[in-house]
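Residue strings, one per chain:
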Amino acid sequence: MAEEPEEPTLPRLPLSVPFSDTRKRLRSMEAPPPSTSSDPAVFSSDDDPALDNYQAHGRRKRRYVGTWFDQQPASSDSALGDETGPNYPPPRRNRATPKPKKREFRRQLDSGVWMGTDGAMTDTDDSVDLEPPTARLSLLPPHDPAPLPLSPARPRFPDEEQAAINMIRRCVDNGIEDVDLSGLRLHCLSRGILEPLSHIAPIPNVTKDVAFEQKDAEIKVFLSTNLLRTFPLDLLNVEHLTVLSLRHNRLTRIPPGIGKLKNLQTLNVAQNSLRFFPSELLALLRKGGKLSSFQFQPNPFWTPVAVPPDNRGAEDYETRTFNPGPTPAVASRWIGLTTRLQARTPVELTDSAHTSYTRFVLPQTTNPAFAARRAPPLELEPFRQLATPRGLHHVLADAASKVAQPRGAKSLFELAVRACVRSGQADWIAAELRRDGEVGEGEGCWSAHLAEAVDRAADIQRQGGLECAVCGRETSMPLARWVEFRQVGQLDVLVGPEGVEDSRFMGLGGVSEGAVPFMMVGCSWRCVPVAADGVDGGGSG
Amino acid sequence: MADACKYITLVSSDGYEFVVLRDAALVSPTIKGMLRSQFTEAQTGRCTFPEFSGVVLEKVAEYFHYWHRNRDREDVPDMEIPVELCLVLVQAADYFNLDARPSLRDPA
Ligand SMILES: [Zn+2]
């Protein structure tokens, strides 16, 4: 390997390769264009009674876009004004440039919405042939986050959400940091509604002779006693959120992005339908963190089997698996919330199609129907053991396999799926893949697992992204999962005379006493628990 | 692999040819299978893919080199995938087995 072989240069493809070629199906099927298209109808000048269209010497038929009563010439000849078209209204043009680009964003005068128009339908296009519908993807306008719904001109929200919108506007306008949205019977909060919360700025107290001091906002959001089924993801972008109450809702998941809310001091998620917490929440439950009040019971959390196995070696497992850096030093005293590891489950290993390769399988988490069922107690594995199923060792030895190799480039599959999600059209793409699968002869759901992978990656992105708990790499396709049961409690750190820290951990009392599950996620089959010292782990070195 | 030829040629449905490093292309178990056997591809070093057009195959070939170049690196930036290609590349990645799925058969 001393000499790196020269990479040959790839031949450049001519730029004129049409997009239609890119979607050559693996099966010879061509779906009819969807009848639900909102594109205006296209018809040719055959329909037009003005027969003098035809007498021109060999010139192309004209194409018209839209309704017959709103006709406008669609082909280039008349658009360029080189002919005196019979009785047509002049083509609508935005610019007077003689040679505009083939594709452009053109204003639809009637709708007031800017849309990218298909090249075949601009009034300046030379080509007559309609591109096949498969080329639509590149032509859709970029997906924008939902337009800010605060405009009173569009009262399309149900009353509950409208009440929330009004309340938020009042808080933003008056610099009120306590946003009380509790008891509004909210079923959901559409994306964008909570977005203005980031702009709340307290009105500073200006006193004479006192220097003006810029203070960070301390935004407190109360969403308790509503009917929310999903965590409002807009909240993840409210940097100065200090208090968040979602008590008494119907949440089933807390997004991993919660770890970004470093200024959170109080978090209440009691009385929901939570089964587990994301491991990212642990970032807020660390020495030096700001979270000092955390209510999370009751919730139907997963529970461990009654009898814990030999659970020596917890610290060693944590050190070897996660390689945590040194904990931040404390000035003189620090009191706050942390967790203490009590047990962990075995690891579930999956592939990019989400097929499981281990005997141990975690309960369903995404499918609401399954997730609603009460899960049986989860099996535990001693910290000093690690069950990599026999027969999978050779997989870990295969350096080219993305299953075993978190280093290097991501798989093309993951890259392509990420590109799908980034395009903002993941739902459309997943539907296309499913349709391909249905039409495919014999094999049934040939593409179903592809569509599911796109769905899962889109879900991960909606939850604010996912990082491998072990190596920290960002992943759209976690391949390993396990659960840690941790007790939440208060850590009291006192720095003694010689700078020696003396710390005491006290588990929370009452209903919050037991250990709660945290979902750990690994990006490859190497990003899994490492066995604590003492016993052979069975994992290959 | 009898011939120690360093390069192989990928041919698209519309006749475009892409010369790629054999070592890089072998990341695809699909191509590995084609080249290992007694199939003609093994002798000629030419693999034809009537399933994919040149635009798609070009991106796949680009991926092979991208993967090879970065195989021991950390923090590799995502290869650029234009939006109009992302759907068909999901299918292509599946076809070339360029995903994270273990082959449970013994590696040869
Ligand atoms: Zn990892």
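Definitions and limits used
- Residues numbered from 1 in each chain as written.
- Chains lettered and ligands numbered in written order.
- Predicted model: local features only at pLDDT ≥ 70, side-chain atom pairs only at ≥ 80, totals over all residues.
- Heavy atoms only, no water.
- Helix = DSSP H or I, 4+ residues; strand = E, 2+ residues; numbered from the N terminus.
- Pairing = 2+ DSSP bridges.
- Axes fitted to C-alpha atoms, helices over the stretch in contact; angles between N-to-C directions.
- Donors = N, O, S within 2.8 Å, 3.2 Å for Na, K, Ca; no water.
- Tetrahedral: all angles 85-135°; square planar, octahedral: opposite > 155°, others 65-115°.
- Contact = heavy atoms within 4.5 Å.
- UniProt positions renumbered as here; feature names shortened; annotations may be inferred.

### Topic: unusual backbone geometry
All names here are of chain A.
Then comes step 1: Of the consecutive residues Gln-297 and Pro-298, the connecting peptide bond is found in the cis state with omega at 0 degrees.
Then comes step 2: Looking at where Pro-298 falls in the secondary structure, it is placed in the loop between strand E10 (293–295) and helix H4 (314–322).
Then comes step 3: One non-glycine residue with positive phi stands out, namely His-248, at about 60 degrees.
Then comes step 4: Structurally, the position occupied by His-248 is in the loop between strand E7 (241–245) and strand E8 (266–268).

### Considerations on the sheet that holds E7 of chain A
Residues and elements named next belong to chain A.
Then comes step 1: With parallel pairing, 5 strands are arranged side by side in an open sheet as E5-E6-E7-E8-E10. Strand pairing shows two members of the sheet lacking a second neighbour, strand E5 (178–180) and E10, which therefore form its edges. Taking each pair of neighbouring strands and ignoring which way they run, the sheet shows an average axis angle of 10 degrees.
Then comes step 2: Alignment of strand E6 (residues 219–222) against E7, held across 4 bridges, turns out to be parallel. Its bridge partner being in E7, Phe-222 is matched across the sheet by Ser-245.

### Quick look at the coordination of the zinc ion
Residues and elements named next belong to chain A.
Then comes step 1: Taken together, Cys-468 (SG), Cys-471 (SG), Cys-523 (SG) and Cys-527 (SG) make up the full set of protein donors to the zinc ion, lying 2.2 to 2.4 Å away.
Then comes step 2: The site at the zinc ion holds 4 donor atoms, and with the angles between them running 101 to 116 degrees, its shape is tetrahedral.
Then comes step 3: Along the chain, the residues that donate to the zinc ion are spaced as C-x2-C-x51-C-x3-C. Placement of the pair is Cys-471 in the loop between helix H9 (448–462) and strand E13 (480–495) and Cys-523 in the segment after strand E15 (516–522), with a sequence separation of 52 residues.

### Digging into the environment of Ile-219 of chain A
Residues and elements named next belong to chain A.
Then comes step 1: The residue Ile-219 is located in strand E6 in this model.
Then comes step 2: Placed 21 residues apart in sequence, Ile-219 and His-240 show a C-alpha to C-alpha distance of 5.9 Å.
Then comes step 3: The contact partners of Ile-219, leaving out residues within four places of it in the chain, are Glu-177, Leu-197, Ile-200, Val-238, His-240, Leu-241, Thr-242 and Val-243.

### Side note on the UniProt feature "domain: SKP1 component POZ" (unreviewed entry) in chain B
Then comes step 1: In the numbering used here, UniProt assigns the "domain: SKP1 component POZ" (unreviewed entry) feature to residues 7–68 of chain B.
Then comes step 2: Strand forms 24% of residues 7–68 of chain B and helix 52%; the C-alpha atoms that close the span are 13 Å apart.

### Re the sheet that holds strand E1 (residues 7–12) of chain B
All names here are of chain B.
Then comes step 1: Within the open sheet, the 3 strands sit side by side as E2-E1-E3. Their pairing is mixed. Each end of this open sheet is capped by a strand with a single partner; those strands are strand E2 (17–21) and strand E3 (46–49). The average undirected angle you get between the axes of adjacent strands in this sheet is 25 degrees.
Then comes step 2: Where E1 meets E3, 4 bridges bridge the pair, whose relative direction is parallel. Residue Thr-9 lies in a different strand from E3, and its bridge partner there is Arg-46.

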